[in-house]
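# Close look at the chain arrangement
Spelled out, the chains give:
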Amino acid sequence: MTVTLRTPTADDLAPVGALHQRSRVAAYSAFLPPESLAEPGPEAMGRYWVERWTWERDTHRMMVAERDGSLVGFSYVGPDDAGDPETGLLNAIHLDPAERGRGTGRALMVDALAAMREAGWHRGALWVLAGNSPARRFYERGGWRPTGERRAELIGHTRTPQLRYARPV
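Residues numbered from 1 in each chain as written. Predicted model: local features only at pLDDT ≥ 70, side-chain atom pairs only at ≥ 80, totals over all residues. Heavy atoms only, no water.

## Topic: the pattern of salt bridges
Pairing is possible between side chains of opposite charge, provided their charged atoms come close. Rule in force here: Within this document, salt bridges are pairs made up of a side-chain nitrogen of Lys or Arg and a carboxyl oxygen of Asp or Glu, the two lying within 4 Å of each other. Helix and strand labels come from DSSP, where a helix needs a run of H or I of at least four residues and a strand needs a run of E of at least two; each type is numbered from the N terminus. Partly exposed describes any residue whose relative accessible area lies between the buried limit of under 20% and the exposed limit of over 50%, with all areas from a 1.4 Å probe on protein chains only and scaled to the type maximum.
Within this structure, the stated rule accounts for twelve salt bridges. For glutamate 99, the salt bridge is made with arginine 67, and the minimal N-O distance between the two is 2.6 Å. With a gap of 32 residues between them, glutamate 99 in the loop between strand 4 (87-95) and helix 4 (104-118) and arginine 67 in strand 2 (residues 61-67) connect regions that are remote in the sequence. Taken individually, glutamate 99 and arginine 67 each receive the classification buried, so the pair is uniform in this respect. Residues arginine 164 and aspartate 80 are paired through a salt bridge, measuring 2.5 Å at the closest nitrogen-oxygen approach. With arginine 164 in strand 7 (residues 158-168) and aspartate 80 in the loop between strand 3 (70-79) and strand 4, this residue pair connects regions lying 84 residues apart in the sequence. What makes arginine 164 buried here is its relative accessible area of 3%. Among the charged side chains, a salt-bridge network with shared partners connects Asp80, Asp81, Glu149, Arg151, Glu153 and Arg164.

What follows is the structure in structure tokens.
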């Protein structure tokens, strides 16, 4: 069975939030404590995506991935968070944990890069958690390279270092 990419409907946003939460827990539990990943829960993440999409749908693009009629991943692309008009930001690629290694993340990345080109951006950027070695390897295989920029944000109560990556689109 192949994966299908499509634009989401309003009915997809709550399931996107639940998938986002499952993805975070699976990907980050190797380097973040469980209490930092407990909140927000799946319902709160669903509300987060409904709210975010309400405000950003004109400037951002979400794509969902389905396999056999089930939501298995999503990507989210928008303008650069540093304000560079030549750069688009890959805000997220998240997969259901069972979907890792099946090519879905790669399909979402290729689609996100195409969306950046269509939006007129010449460069893509993203932030990845420094401790998330599998994600870093995934992006590096996709042609992304660290820029040397760093930041730290809270996930739960844990200050979490992030690295900025970039590549031409």
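Still to come is the rest of the account.
## Some words on the packing of aromatic side chains
The following threshold applies: Each Phe, Tyr or Trp ring (for Trp, its six-membered ring) is paired with any other whose centre lies within 6.5 Å, and the angle between the two planes then decides the class: stacked below 30 degrees, edge-to-face above 60, tilted in between.
Under the counting rule described, the total for this entry stands at seven aromatic pairs. Here the aromatic rings of tyrosine 28 and phenylalanine 31 are separated by 5.9 Å at their centres, their planes lie at 45°, and the arrangement is tilted. Between phenylalanine 138 and tyrosine 139, the aromatic rings sit 5.0 Å apart at their centres with planes inclined by 65°, giving edge-to-face as the arrangement. Note on tyrosine 139: relative accessible area 8%, which makes it buried. One aromatic cluster is present, formed by Tyr48, Trp49, Trp53, Phe74 and Tyr76 through successive ring pairs.

## A closer look at the side chain of threonine 87
Inclusion rule: The definition of a polar contact used here is a pair of N or O atoms within 3.5 Å, where within protein one atom must be able to donate a hydrogen and the other to accept one, and adjacent residues in sequence count solely through side-chain atom pairs. Working rule for contacts: check all heavy atoms of both residues, and any pair within 4.5 Å makes them a contact.
As for its placement among the helices and strands, threonine 87 is situated in strand 4. We classify threonine 87 as buried; its relative accessible area is 1%. One polar contact links threonine 87 to aspartate 84, side chain to side chain, over a distance of 2.9 Å. Dropping the residues within four chain positions of it, threonine 87 is found in contact with Pro79, Asp80, Trp121, Arg123, Gly124, Ala125 and Arg164.

## Topic: the sheet that holds strand 1 (residues 3-6)
Here is the rule: Two strands pair under a simple rule: DSSP has to find at least two bridges between them. Here an angle of 0 to 180 degrees is reported between the N-to-C directions of two axes, which are lines fitted to C-alpha atoms, with helices fitted over the stretch in contact.
Taken in spatial order, the seven strands make up an open sheet running 1-2-3-4-5-7-6, and their pairing is mixed. Of all strands in the sheet, those bounded by a partner on one side alone are strand 1 and strand 6 (145-155). Across the sheet, the axes of successive neighbouring strands diverge by a mean angle of 25°, strand direction being ignored. Bridging between strand 3 and strand 4 involves seven bridges; their strand directions are antiparallel. Following the sheet pairing, glycine 78 is matched in strand 4 by leucine 89. Strands in contact with helix 1 (residues 13-28) are strand 2, strand 3, strand 4, strand 5 (123-129) and strand 6; relative to strand 3, the strand with the most contacts, it is inclined by about 90°.

## Re the nonpolar core
To keep things clear, this is the line we draw: Residues belong to one nonpolar core when they are buried, are Ala, Val, Leu, Ile, Met, Phe, Trp, Tyr or Cys, and are joined through side-chain atoms within 4.5 Å.
Membership of the largest hydrophobic core comes to 23 residues, with the highest contact counts inside it found for Leu90, Met116, Tyr139 and Trp144. With five residues, helix 4 is the single largest residue contributor to this core. In this structure, tyrosine 139 is in contact with Leu90, Ile93, Met109, Leu126, Val128, Trp144 and Tyr165, ignoring residues within four places of it in sequence. With twelve residues, the next largest nonpolar core counts Val16, Leu19, Met62 and Tyr76 among its residues.

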